[in-house]
Amino acid sequence: MDNNPFATSSPPPVFGEQTPAYSPPNTGAWQRNDSVPLEDDEPFTTAHLAAANEAVVPAVSGRSAAAPSHTTLDFTESTTALPSSQSLSGKVGQPASPVPRIGSAADTRLLSSSPGPSARLDGGSGGGGGLPSGNAGGAAGRALEEDPSKFAFYNIKRYRGLFNVDTSDVLARLMHAVLLFFRGDFLEYVDGNPDLYGPFWVASTLIFVTAATGTLASYIDWVRHATPGEEHGSWTYDVDKVGGSFALFYGYVGLVGLALWGVLKWFKAGLSLASIWCIYGYSVAAFIPICFVCVVPVEIARWAVVAAATLTSGTFILLSMRKHIQDSDAGAKALPLYGTIIALHAGLGLALKFYFFAFPTL
């Protein structure tokens, strides 16, 4: 069997024989209507397509036939006005409302269980829900603060309350100690919140100020006594004054304060060591400005300012300690205790004068 798809049942034509004319196949319902003249450049419209579905192509009267009308869509403006707060502008993919930043006011409103930017986070966490914001958060934070006394003496967390002051607090306490020394008990002024930050920096500043001004005064004295044309020797910087100043002022505030605390504890005065160090640390601030005056090579002026600083700072110490000594069991021994405090403080003033601002006559 021949599987050739192009094979036909009629015999092949003989060379020279006339072949029959081509006749198109019958396509069914679609019959061409020769009465419809269609030119090559005439547009095919929807009317032709509709007529073709019915197997009849309507006649078109040449080029002058009117083109089918187009449907016009009229858009009317909406009478509903948008609120002035709404806006149609924006970027694709952006949310309609901004996402609040963490720590912003909107964030604290959305997350009511989270503390706001001003809420205190001292201490532990409040049971997983966080501290409430605002004043309630501050109260809860203070309530959850850890008790410093439960830490060991070598743990720094035990002493962090002694440094809980800012610059304005330290400046106000310095002014009270130097200019308002006669105002009575210093511990009442600090409201039972003594600090060691101010005393540490006051003593440290005094160490370098006395060493620097004492050296400058020594050089000025050497220049004043130098005679032109004579052998006068050379001036050398005495670096030992820094170490001497360190031992003098840190030793006075630290060791004298510690000894006084031991005596008052024996008398059951109930005064903490930090309170005594706070009083003594701020008291020596009066010596800082007078060191610059002592650079002036006038001996009587030096004695005057050193005596004034010693008197004012000593008065500040006595007025701050008086109430606590009177409330203790010192009794008749309070007078010798006052005398010891005065003598030690006077010795500090004399040591400052003779060690830093006394020069031999050449």
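Residues numbered from 1 in each chain as written. Predicted model: local features only at pLDDT ≥ 70, side-chain atom pairs only at ≥ 80, totals over all residues. Heavy atoms only, no water.

Enquirer: What is the right way to read the overall build of the protein from this model?
Expert: Counting its regular elements, the protein contains 11 helices and 0 strands. N-terminal to C-terminal, the α/β element order of the protein is α-α-α-α-α-α-α-α-α-α-α. Counting over 362 residues, the protein shows a buried share of 29%. In the protein, 63% of the contacts between residues at least 6 apart in sequence involve partners at least 24 apart. About 24,800 Å² of surface is accessible on the protein, with carbon and sulfur atoms providing 62% of the total. (Helix = DSSP H or I, 4+ residues; strand = E, 2+ residues; numbered from the N terminus. Buried < 20%, exposed > 50% of the residue type's maximum accessible area, 1.4 Å probe, protein only. Contact = heavy atoms within 4.5 Å. Areas by Shrake-Rupley, 256 points an atom, 1.4 Å probe, with all protein chains shown as cover.)

Enquirer: Would you take a moment to explain helix H11 (residues 334-356) for this structure?
Expert: One turn of an α-helix holds 3.6 residues; hence residues three or four places apart share an orientation. The end-to-end C-alpha distance of H11 is 33 Å, a good match for the 33 Å that 23 residues give at a rise of 1.5 Å each. Along H11, the residues that are buried comprise Ala334, Leu337, Tyr338, Ile341, His345, Leu348, Gly349, Leu352, Lys353 and Phe356. Residues of H11 that are buried sit in contact with helix H6 (197-225), helix H7 (240-266), helix H8 (273-283), helix H9 (287-293) and helix H10 (299-326). (Expected span 1.5 Å × (residues − 1).)

Enquirer: Help me understand the packing of aromatic side chains, please; the structure alone is not making it clear to me.
Expert: The geometry of two aromatic rings is summed up by the distance between their centres and the angle between their planes. Evaluated as defined, the whole model comprises 13 aromatic pairs. Grouped by ring-pair contacts, the aromatic residues Phe186, Tyr189, Tyr282 and Phe316 constitute a single cluster. Over the face of the ring belonging to Phe354 we find Lys353, whose NZ or CZ atom lies 5.8 Å from the ring centre. (Phe/Tyr/Trp six-rings, centres within 6.5 Å; stacked < 30°, edge-to-face > 60°. Lys NZ or Arg CZ within 6 Å of the ring centre and 35° of its normal.)

Enquirer: Help me out: how do you make sense of the packing of H10 against H11 in this one?
Expert: Geometry of a packed helix pair, given as the angle between the helix axes and the separation of the axes. Where H10 contacts H11, the two axes come as close as 9 Å, and the packing angle between them is 155°. Relative to H11, the element H10 is oriented roughly antiparallel. In this structure, the crossing between H10 and H11 has a hand that is right-handed. Contact residues: Glu299, Arg302, Trp303, Val306, Thr310, Ser313, Gly314, Ile317, Leu318, Arg322, Ile325 and Gln326 in H10; Ala334, Leu337, Tyr338, Ile341, Ile342, His345, Ala346, Gly349, Leu350, Leu352, Lys353 and Phe354 in H11. Its residues placed into classes, the contact of H10 with H11 shows 14 nonpolar, 6 polar and 4 charged. (Axes fitted to C-alpha atoms, helices over the stretch in contact; angles between N-to-C directions. Parallel < 35°, antiparallel > 145°, perpendicular 65-115°, else oblique. Left-handed = near helix turned anticlockwise from the far one by under 90°. Nonpolar A, V, L, I, M, F, W, Y, C, P; charged D, E, K, R; others polar.)

Enquirer: Sorry, what's going on with the nonpolar core here?
Expert: Across soluble globular proteins, nonpolar side chains have a tendency to be buried as a group. Counting 50 residues, the largest nonpolar core has Leu264, Tyr280, Met321, Ile325 and Leu352 as its most contacted members. For this core, the secondary-structure elements that each account for two or more residues are helix H4 (167-178), helix H5 (186-189), H6, H7, H8, H9, H10 and H11. Not counting the four nearest positions on each side in its chain, Tyr280 is found in contact with Tyr252, Val253, Val256, Leu260, Ile317 and Ile341. (Core = buried A, V, L, I, M, F, W, Y, C linked by side-chain atoms within 4.5 Å.)

Enquirer: Looking at this structure, I do not really get H4. What am I missing?
Expert: Between its terminal C-alpha atoms H4 stretches 16 Å, which fits the 16 Å expected from 12 residues at 1.5 Å a residue. Structurally, H4 contributes buried residues whose contacts are with H5, H6, H8 and H10.

Enquirer: Any chance you could explain a nonpolar patch on the surface here in plain terms?
Expert: A surface patch of nonpolar side chains, amounting to about 850 Å² of accessible area, comprises Phe153, Tyr154, Tyr159, Phe163, Tyr197, Phe200 and Trp201. By secondary structure assignment, the location of Trp201 is in helix H6. Judged by its relative accessible area of 47%, Trp201 falls in the partly exposed class. (Patch = residues over 30% accessible without salt bridge, like charges linked within 9 Å, V, L, I, M, F, W, Y side chains within 5 Å. Salt bridge = Lys/Arg side-chain N within 4 Å of Asp/Glu carboxyl O.)

Enquirer: For this particular structure, what's the right way to read the side chain of Arg173?
Expert: With respect to the helices and strands, Arg173 occurs in helix H4. Classification of Arg173 by relative accessible area gives buried; the value is 7%. At 2.4 Å, the side chain of Arg173 and the side chain of Asp195 are in polar contact. Excluding residues within four positions of it along the chain, Arg173 makes contact with Val165, Phe186, Tyr189, Val190, Asn193, Pro194, Asp195 and Tyr282. (Polar contact = N/O pair within 3.5 Å; in protein donor to acceptor, adjacent residues only side chain to side chain.)

Enquirer: Just checking my understanding: could you explain the confidence of the model for the protein for this structure?
Expert: Close reading of the predicted structure is inappropriate where its pLDDT is low. Residues of the protein with pLDDT of at least 70 account for 56%, and the chain-wide mean is 73. Across the protein, H9 holds the top mean pLDDT of 95, while helix H2 (residues 105-110) sits lowest at 34. Confidence over residues 90-144 falls short of pLDDT 50; this stretch has 41 contacts with residues more than four positions distant or in other chains. (pLDDT = per-residue confidence, 0-100.)

Enquirer: Help me understand the environment of Trp266, please; the structure alone is not making it clear to me.
Expert: Here Trp266 shows up in helix H7. Sequence separation between Trp266 and Ala330 is 64 residues; the distance between their C-alpha atoms is 8.8 Å.

Enquirer: Just checking my understanding: could you explain the packing of H7 against H11 for this structure?
Expert: Contact geometry of H7 with H11 gives a least axis separation of 11 Å together with a crossing angle of 180°. Classified by the angle their axes make, H7 and H11 are roughly antiparallel. Each of Asp240, Lys241, Gly244, Ser245, Leu248, Phe249, Tyr252, Val256, Leu260, Val263 and Leu264 in H7 lies in contact with H11, whose residues at this interface are Leu337, Ile341, Leu344, His345, Leu348, Ala351, Leu352, Tyr355 and Phe356. Residue composition of the contact of H7 with H11, by class: 15 nonpolar, 3 polar and 2 charged.

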